[in-house]
Structures are given as C-alpha cells and as structure tokens.
Amino acid sequence: MRSLVNSEAVKNEAMSSVVPDVSVVVPVHNEEESLPYLLEAITSSLTACQMSYEIICVDDGSTDGSARFLKEQALNSHDLKVVILRRNYGQTAAMAAGFNYALGKAIVTLDADLQNDPVDIPILLAKLEEGYDLVSGVRQKRQDRAFTRLLPSKIANWLIRKVTGVNIHDYGCSLKVYRAELVADMNLYGELHRFLPALAHIEGARITEVPVRHHARRFGRSKYGIWRTFRVLMDLLTIKFMQKFLTRPMHVFGLLGLISMLWGGAIGIYLTFVKLALGEDIGNRPLLILAVLLLVTGVQLFCFGLLAELLMRTYHESQGRPIYRVREVVGKKVVTGE
Ligand code: UDP
Ligand code: MG
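Remember, predicted model here, so these are calculated numbers, not experimental data.

Can you walk me through the coordination of the magnesium ion (ligand 2) in this structure?
Working reference: metal with six octahedral donors, ideal angles 90 or 180 degrees; metal with four tetrahedral donors, ideal angle 109.5 degrees. Every protein donor of the magnesium ion (ligand 2) is listed here as D113 (OD) and Q115 (OE1), and their distances to the metal cover 1.9 to 2.1 Å. Neither D113 nor Q115 differs from the other in exposure class; each is buried.

Structure, rendered in structure tokens:
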C-alpha cells in the first residue's frame, strides 16, 4: 500500500521535477470557513521567508463544502495539492496521506482550524536548520477549555514524558516540522499522530521544541472530547512496548513466562512432596489451582513470546525496515551493506 502511494509521489516528482524546500501538510475535516484564511496565512508566511513550498490539504471525509472549496483553489494554484480521502479516516490517516504525497525536504504539519498560526512556521524551520530532525511547537497561552482540555492535556503530557523519556511539553500541538527522511521512516497507525515525537525518538531523531502561538477556534468545533484521554493511555502502552521491546519481544514475554513456570513448578513439586512423602490429600488445596494456573500461563506467555519474535521478524523483513537508522555515512570508499 505504502509503496503504491510512494510510487505515486515519485511519478509526481518526475512530472514536476522540482523538490520544494517545504511541504505544508494540513488535515481537514469540516473546516470550510477557516480554509480561505488558512491558505492565505500559510502563503504569506512562506513567501516572506523566501522558500519554495507546496501546501498539501488532505480532505478527511468532510461533509461541508471543504472539499469543493479546496478543489476550486487547487485548479487555480501552482502550490496547492489537494488529496481527497473517500471517507473520514481520522486525523492520523489524513496526516499519513499528506506525508505520502509530500515532496519537500522539510515537512510542516498544522491544523486547519486556525488554532495554529502559520506565522510561526519560519521559526520552526530555522530551528530545524540547526541540525534537528523534528521541531515541535509548544502552544503558549492555550485557548482551550480549562477542565476538559488543558488539565487532561497537562497530565497526559507529563505522563507521556515520564513513560517515553522524550522531553516534549506539548504532544498535542499539531504545528511541527520534520525532516523528510524522518517522516519516510515512520509508519502511522490508529491515532498515533499524538505520539509522533516518541515514534521519531524510536527512529533515532534529534528532537527539540519552540514556543508557538495559539488561538481560540473561530469557526466550527473541535472533533475530540474528553474520551480521547483513555485512548491516549492505551496508545502510550503500545509506544512504550515499541520503544523497549520491538526487536526483542521474547525478553519481556519469555521472562514473564519463565517466572510464572518456575513458581508453578516449585509449588507443584512441594505439593507432590506433601502427597507422596507425607501422604496428605492435596485435591482440595487452593495451592494446587495456583500451581496449575501459573504453569499454564507461563507456557502461554512463553509461546506468545516466540510468536512475537516471528511477527517482529516479518514486520521488519517484509517492509525492508532495518533495525537501525543511519544518520550519515562518511568516507570515500564506503560500500553499502544493501
Ligand atoms: N481532523 C481530521 N480528521 C478528523 C478529525 C480532525 O482531519 O477525523 C483535523 C481537523 O480538521 C483539524 C485537525 O485535524 O485540522 C485537528 O482537529 P481539532 O481542531 O478538532 O482538534 P483539537 O485542536 O481540538 O485538538
Ligand atoms: Mg483545533
């Protein structure tokens, strides 16, 4: 799937034969009123810093006039590319689609609702130039509701920082800039767009953050409610597992399985001793149930670990994903390993 879309991008690249400095990727879901202001603001911000750019708006199954408006604009513009998805897939998928069609050397993401300010894009790009692979915005004076948005967000950011060890203070800020190579290495699923810095960290990226402006929503309403907090917690578990055990699942499942089997075995031996040497009845002892439970769980965890090892190999080998990422290769006679 990915390679198909990429080949599309390659074709487009051959046709235009121009690689812009910057691709701005914007996921759009029912943002009709904001779009005219947004396109104007992005254009004036990037024209001011004299960089070549393209804007990629991904219409994520909007039911208002967003797609129609974007199509009209694209027909009269050289730098606007519009990707219209068949239905609403969610922000992560919309961003992934945008990434696949982006040709720029740097990729900027921001929301379509004017809550992020395109004026900040050059500041983030300048920071990227300093040698970072990902520059994340930190929304200053956030204009969202205190109890349903700001408080959960503060707690979530603290938790994600602690669990992943990636010291970013505003995971939820969409305004971010990525080096294109980094984006090509990351696969997005579910709602993992919130964890992009953590995914980037797994790929060995250099990450930093800068303060950015934030405005209240002028039009429409937010697509998320308080329920996202729970989904974030589940995703955090996935990320932690990927960060630590992606290439060695047996180390976690195997170890747990082994501990469980050892305890089960030890209790089993004790009960056998009680039965055979002391002649006592063990049929009604809770310990017997515990021993059986531990042994069965242990064997299952162990087998699960083995399966996970096979899956992990398929994950890497089927996609040609190496288990390392090279920042640069220096020297004249370097023979590539591939
Ligand atoms: N969005 C999208 N698909 C969705 C939900 C949201 O493309 O299913 C877009 C939306 O149009 C906006 C961005 O993702 O550009 C962020 O959404 P929103 O502003 O509702 O999130 P919030 O700022 O409230 O966290
Ligand atoms: Mg918003």
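I tried to follow the site of ligand 1 on my own but got confused; where do I start?
The environment of ligand 1 is made up of 18 residues, and the closest members are E31, D60, D113, S222 and K223. Here an oxygen atom of ligand 1 sits 2.6 Å away from a polar atom, N or O, in the side chain of S222. Between ligand 1 and the protein, one listed contact pairs an oxygen atom with a backbone N or O atom of K223 at 2.7 Å. Its free accessible area being 530 Å², ligand 1 has 95% of it covered by the protein chains. Taken together, the residues of the shell around ligand 1 break down into 4 nonpolar, 6 polar and 8 charged.

Can you help me understand unusual backbone geometry in this one?
Among all residues except glycine, the phi angle is most often negative; among peptide bonds, the trans geometry is most common. Residues other than glycine seldom take positive phi values, yet N30 does so here, at roughly 55°. Summarising the element assignment, N30 is placed in the loop between β1 (22–28) and α2 (35–48). We note that K141 has phi near 45°; this positive angle belongs to a residue other than glycine. Following the sequence through the fold, K141 ends up in the loop between β5 (134–139) and α6 (146–164). The class for K141 is exposed, based on a relative accessible area of 73%.

The rules behind the values
- Residues numbered from 1 in each chain as written.
- Chains lettered and ligands numbered in written order.
- Predicted model: local features only at pLDDT ≥ 70, side-chain atom pairs only at ≥ 80, totals over all residues.
- Heavy atoms only, no water.
- Donors = N, O, S within 2.8 Å, 3.2 Å for Na, K, Ca; no water.
- Buried < 20%, exposed > 50% of the residue type's maximum accessible area, 1.4 Å probe, protein only.
- Near = heavy atom within 4 Å.
- Polar contact = N/O pair within 3.5 Å; in protein donor to acceptor, adjacent residues only side chain to side chain.
- Areas by Shrake-Rupley, 256 points an atom, 1.4 Å probe, with all protein chains shown as cover.
- Nonpolar A, V, L, I, M, F, W, Y, C, P; charged D, E, K, R; others polar.
- Helix = DSSP H or I, 4+ residues; strand = E, 2+ residues; numbered from the N terminus.

All we've got here are geometric facts, nothing functional implied.
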